Amino acid sequence: MKIELKNVKHYPSMSEETECYQASLYVDGVKIGTVSNRGTGGPDHFQGDQDAYAKANEWCKANLPPYTLEHGGGADTYPTDLEIHCGDLLDTYIITKQLKAQLKKKALFTVPNEKGIFQLKYKGKQAPDERLFDHIRQKHSGAVILNTLPLSEAIAIFKSHGA
């Protein structure tokens, strides 16, 4: 089952405890409704085909990896429901938007045995190019330059390094 958020409207300035957003929810290419959150710590709200939502929710619980909540020296594991999955999709949307904006202005890269994402801004108004990437490769052997990767790979690295 393919579950997607489209037409995402994210309101960071209105996000308090949770992300404030609204999006169209699609399952297998068909819009089943709208999902939203007011950003004040409550659950997501869904408007639309309740039967399709229930089926997608059950599919998520049965097929997606469980999520873990850590607390005071322990952890509890729960099935990933559709609300949690929508939150993950929203996080990916936000990270992708941030990454794309940064890739236009900076060279982003990782260095072996170092934590984090490093960046170099190209001097002038040009976008990062092969000359800057060559400079990074010469200075940092084994550097992985996110600008040169397919977007899905760059997103995965960006997420894993604490975006």
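Look above for the structure.
Note that residues are indexed from 1 along each chain, following the sequence as it is written. In keeping with the predicted nature of the model, local features appear solely for residues at pLDDT of at least 70, side-chain atom pairs appear and are counted solely at 80 or more, and the whole-chain, interface and lining totals rest on all residues. Side-chain calculation: all heavy atoms of the structure are included, whereas hydrogens and water are not.

Trainee: Help me out: how do you make sense of the nonpolar core in this one?
Mentor: Here is a general trend for soluble globular proteins: nonpolar side chains tend to be buried in one another's company. Residues Leu5, Leu25 and Leu82 are the most contacted members of the largest nonpolar core, which totals 19 residues. Only runs of H or I of at least four residues qualify as helices and only runs of E of at least two qualify as strands under DSSP, and these elements are numbered from the N terminus. At the level of secondary structure, the elements contributing two or more residues to this core comprise β1 (3-10), β2 (21-27), β3 (30-37), α1 (50-63) and α2 (82-105). Any two residues having at least one pair of non-hydrogen atoms within 4.5 Å are treated as being in contact. Other than its neighbours up to four places away in sequence, leucine 82 contacts Ile3, Leu25, Tyr53, Ala56, Asn57 and Cys60. Core analysis: the next-biggest nonpolar cluster, separate from the first, contains nine residues, Ala107, Leu132, Phe133 and Ala143 among them. Buried Ala, Val, Leu, Ile, Met, Phe, Trp, Tyr and Cys residues form a nonpolar core when they are joined through side-chain atoms within 4.5 Å. Burial here depends on accessible area, computed with a 1.4 Å probe over protein chains only, as a share of the maximum for the residue type. Under 20% is buried, over 50% is exposed, and the range in between is partly exposed.

Trainee: What is the right way to read unusual backbone geometry from this model?
Mentor: For residues that are not glycine, phi is negative in most cases, and the peptide bond is trans in most cases. Although it is not a glycine, aspartate 28 adopts a positive phi angle of roughly 50°. Relative to the helices and strands, aspartate 28 resides in the loop between β2 and β3. The backbone of asparagine 113 shows a phi angle near 65°, a positive value even though the residue is not glycine.

Trainee: It is not clear to me how the sheet that holds strand β9 (residues 144-145) should be interpreted in this structure. Could you clarify?
Mentor: A strand pair is defined by DSSP finding two or more bridges across the two strands. Within the open sheet, the three strands sit side by side as β8-β7-β9. Their pairing is antiparallel. Two strands bound the open sheet, and with one partner strand each, they are β8 (118-121) and β9. Sheet topology note: the strand β7 (residues 106-110)/β9 ladder contains two bridges and is antiparallel. Its bridge partner being in β9, phenylalanine 109 is matched across the sheet by isoleucine 145. Only the contacting stretch of a helix is used when fitting its axis, a line to C-alpha atoms as for every element, and angles between N-to-C directions run 0 to 180 degrees. Contacting β7, β8 and β9, helix α3 (residues 130-139) crosses the sheet at an angle of about 30° to β7.

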